[in-house]
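# Remarks on the overall topology
One letter stands for each residue in the lines below.
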Amino acid sequence: MSRPRALVIDDEPDIRELLEMTLGRMDIETRSAADLAEAYALLAAETFDLCLTDMRLPDGNGLDLVRHIQEQRPNLPVAVITAYGSMDTAVEALKAGAFDFISKPVNLNTLRNLINSVLKLTDDYHQRDRRTRDTLLGDSGSMRDIRSTIEKLSRSQAPVYICGESGTGKELVAKLIHGKGPRADSPFVPVNCGAIPSELMESEFFGHRKGSFTGATSDKPGLFQVAAGGTLFLDEVAELPLHMQVKLLRAIQEKAVRPVGAEREVPTDVRILSATHRDLAALVASGEFRQDLYYRLNVIQLRVPALRERSSDIPMLARHCLQKLARQAKQPDLTLSEPALALLQNYHFPGNVRELENILERAITLCEGNVIYPEDLHLPAGTMAAADPQHADKPDAGSVPLDTYMDNIEKDVLLKALEQTRYNKTAAAKMLGITFRALRYRLKKLGLE
């Protein structure tokens, strides 16, 4: 295999030499440029596997180069070198598409970790099974967009803020971003920020030294150290108390943590993903969440839609859940009747996908036979998605008796099947997955004959 090739852009000869020596010791062939003009010429004439650029150059800004590479060479990872304390510039570069950043003075261990992450984005990495459809189910436009975005985000080290209601699958999205990226072989460490007692948070996140407080009988690594080389997923990050927000902000900015009782900071190498079901921007406005931490976490935002916003995905999700639950219970596969499926597609799902799984698990327990009917779902009355324009002319479930409401849904399903088959009852029964006799009985019962 040919040696990896890197392009280094910096107007300071000493820094260029340092970077070239470090890369050379990692068996990476290096070309260097002192300004943007030289860099553009080299990019046009040669191919590279990695680009390292300073932010301040004699004839322009490193951001211009990041944007140029995003347009012309989107698969070329570019990392930026920023001045000490210039976190705003680093965030801007990440938003523009930079793979990662490193601050001056350059820490060689941090640089080597960054380069090793980049080198995993090679042909060997691209051969990894990158499909997400089997784990993030749905053919709606919003889910196709999310899967596409995950593929892009997996090639970056930028912090990602995943927002969405409870039960939408935010942790699953975080796992996929980690699993599709160069950190996939390192730990994915999820932490529920609302489940850690306030007085233990600093020790849990950053670790502690033996004897630093009563009960500290040995050194203990924190979550940042446990996730070394991998991803730290901060779930329900809005629950962090203000004093911990300050410490977390420093850890992210400096890429280092100080264990409780330690005299020096310890460098860290983790990617930060965060999530919450609360409105973080509103918490910033009310002073409950630090604005500077919000900007550090929210470099890239990814919203996971509520289930009611993608009701067309419910049949696929329901089939998947039923197959999984049937395997776990060692039962034959169960199916949803058309009226039951229609009822689910009109339900507003305050608990989203997690609630769908719970409803189907309960239905499997309560139903008789291998077909689930509306009465097996036991959905609460008054919880239908009245805002759906397709069903806007129907009364709410709570405004009529439940039996009447269910009959109306079943009528709609039967009439739609008959219309699609040009009133061929045999074909309609086959479409609905019921016998011809059952179709005739239902039509007669509902006064549709």
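See the structure shown above.
Residues numbered from 1 in each chain as written. Predicted model: local features only at pLDDT ≥ 70, side-chain atom pairs only at ≥ 80, totals over all residues. Heavy atoms only, no water.

What follows concerns helix α15 (residues 338-346). Among the nine residues that make up α15, seven are buried, leaving the element largely enclosed by the rest of the structure. For α15, the complete set of buried residues consists of Pro-339, Ala-340, Leu-341, Ala-342, Leu-343, Leu-344 and Asn-346. (Buried < 20%, exposed > 50% of the residue type's maximum accessible area, 1.4 Å probe, protein only. Helix = DSSP H or I, 4+ residues; strand = E, 2+ residues; numbered from the N terminus.)

This brings us to the pattern of salt bridges. For the structure on display, the rule yields 23 salt bridges. With a closest N to O distance of 3.5 Å, Arg-5 and Glu-29 form a salt bridge. A residue pair is termed long-range when its members are at least 10 positions apart, and Arg-5 in strand β1 (residues 5-9) and Glu-29 in strand β2 (residues 29-33) qualify at 24 residues. On the basis of relative accessibility, which here comes to 17%, the residue Arg-5 falls in the buried class. Glu-29 gets classed as partly exposed once you look at its relative accessible area, which sits at 32%. For Glu-12, the salt bridge identified is with Lys-104, shortest N-O distance 3.3 Å. Of this pair, Glu-12 sits in the loop between β1 and α1 (13-25) while Lys-104 is found in the loop between β7 (100-103) and α5 (108-119), placing the two residues 92 residues apart along the sequence. Here the salt bridges share partners, and the residues they tie into one network are Arg-5, Glu-29, Arg-31 and Glu-46. (Salt bridge = Lys/Arg side-chain N within 4 Å of Asp/Glu carboxyl O.)

All right, on to the sheet that holds β2 then. The five strands lie next to each other as β2-β1-β3-β6-β7, forming an open sheet whose pairing is parallel. Whereas interior strands pair on both sides, the edge strands pair on one side only; in this sheet they are β2 and β7. Between one strand and the next, the sheet's axes are offset by a mean angle of 20°, whatever the strand orientation. As judged from the five bridges shared by β1 and β2, these two strands associate in the parallel manner. Residue pairing in the sheet places Val-8 in a bridge with Ser-32 of β2. The strands touched by helix α4 (residues 87-96) are β6 (78-82) and β7; relative to β7, the strand with the most contacts, the crossing angle is about 160°. Packed onto the sheet, α5 meets β3 (50-54), β6 and β7 and runs at close to 165° relative to β7. (Pairing = 2+ DSSP bridges. Axes fitted to C-alpha atoms, helices over the stretch in contact; angles between N-to-C directions. Contact = heavy atoms within 4.5 Å.)

Looking now at unusual backbone geometry. For the peptide bond that leads from Lys-104 to Pro-105, omega is -5°, which places it in the cis range. Tracing the chain through its elements places Pro-105 in the loop between β7 and α5. Positioned with a positive phi, Asp-27 is a non-glycine residue whose angle comes to about 60°. Note on placement: Asp-27 falls in the loop between α1 and β2. Unlike most non-glycine residues, Glu-236 shows phi in positive territory, near 50°. Positionally, Glu-236 belongs in the loop between β12 (231-235) and α11 (242-254). Of the residues examined, Glu-236 reaches a relative accessible area of 14% and is grouped as buried.

Moving on, we get to the packing of aromatic side chains. Per the counting criterion, the structure on display carries six aromatic pairs. With a centroid separation of 6.4 Å and 75° between ring planes, the pair formed by Tyr-161 and Tyr-294 is classed as edge-to-face. In this pair, Tyr-161 is assigned in strand β8 (residues 160-163) and Tyr-294 in helix α13 (residues 291-297), connecting sequence segments 133 residues apart. Given a relative accessible area of 12%, Tyr-294 falls into the buried group. Ring geometry for Phe-188 and Phe-233: centres 6.0 Å apart, planes at 20°, overall stacked. With a gap of 45 residues between them, Phe-188 in strand β9 (residues 188-192) and Phe-233 in strand β12 connect regions that are remote in the sequence. Exposure remark for Phe-188: the relative accessible area of 18% places this residue in the buried category. Ring pairs connect the aromatic residues Tyr-161, Tyr-294 and Tyr-295, which therefore count as one cluster. Positioned above the aromatic ring of Phe-101 is the side chain of Lys-255, whose terminal nitrogen or guanidinium carbon lies 4.1 Å from the ring centre. (Phe/Tyr/Trp six-rings, centres within 6.5 Å; stacked < 30°, edge-to-face > 60°. Lys NZ or Arg CZ within 6 Å of the ring centre and 35° of its normal.)

A word on empty space enclosed by the protein. Using the criterion set out here, one finds three cavities of 30 Å³ or more in the structure. Considered as a void within the structure, the largest cavity measures approximately 330 Å³ in volume. What lines the largest cavity is a set of 25 residues, among which Asp-100, Gln-157, Lys-255, Val-270 and Arg-271 lie closest to the centre. With four residues, the top contributor of residues to the lining of the largest cavity is α5. Considered class by class, the residues forming the lining of the largest cavity number 14 nonpolar, five polar and six charged. (1 Å grid on protein atoms, 1.4 Å probe; cavity = no way out; pocket = protein on both sides within 12 Å on 5 of 7 lines; lining within 4 Å. Points joined across faces, edges and corners; volume = space filled by probe spheres on them. Nonpolar A, V, L, I, M, F, W, Y, C, P; charged D, E, K, R; others polar.)

Formed by 60 residues in total, the largest nonpolar core has its most connected members in Phe-205, Phe-224, Leu-232, Leu-234 and Phe-289. Ranked by the residues each element gives to this core, the list is headed by α4, at six residues. Contacts of Phe-224, omitting those with residues within four sequence positions, involve Phe-205, Phe-206, Leu-232, Leu-248, Ala-251, Val-257, Thr-268, Val-270 and Ile-272. Ala-363, Leu-379, Met-406 and Leu-418 belong to the second largest nonpolar core, which has 40 residues in total. (Core = buried A, V, L, I, M, F, W, Y, C linked by side-chain atoms within 4.5 Å.)

Here we come to the sheet that holds β12. Taking strand neighbours across the sheet as the criterion, the five strands line up as β9-β12-β15-β8-β16 in an open arrangement whose pairing is parallel. Of all strands in the sheet, those with a lone pairing partner are β9 and β16 (300-303), marking the two edges. Averaged over all adjacent pairs, the angle separating strand axes in this sheet is 20°, with direction ignored. For β9 and β12, the ladder comprises five bridges, and the chain directions are parallel. From the neighbouring strand, Pro-190 faces β12, where its bridge partner is Phe-233. Across the sheet, helix α7 (residues 141-153) is in contact with β8, β15 (271-276) and β16; its angle to β16 comes to roughly 155°.

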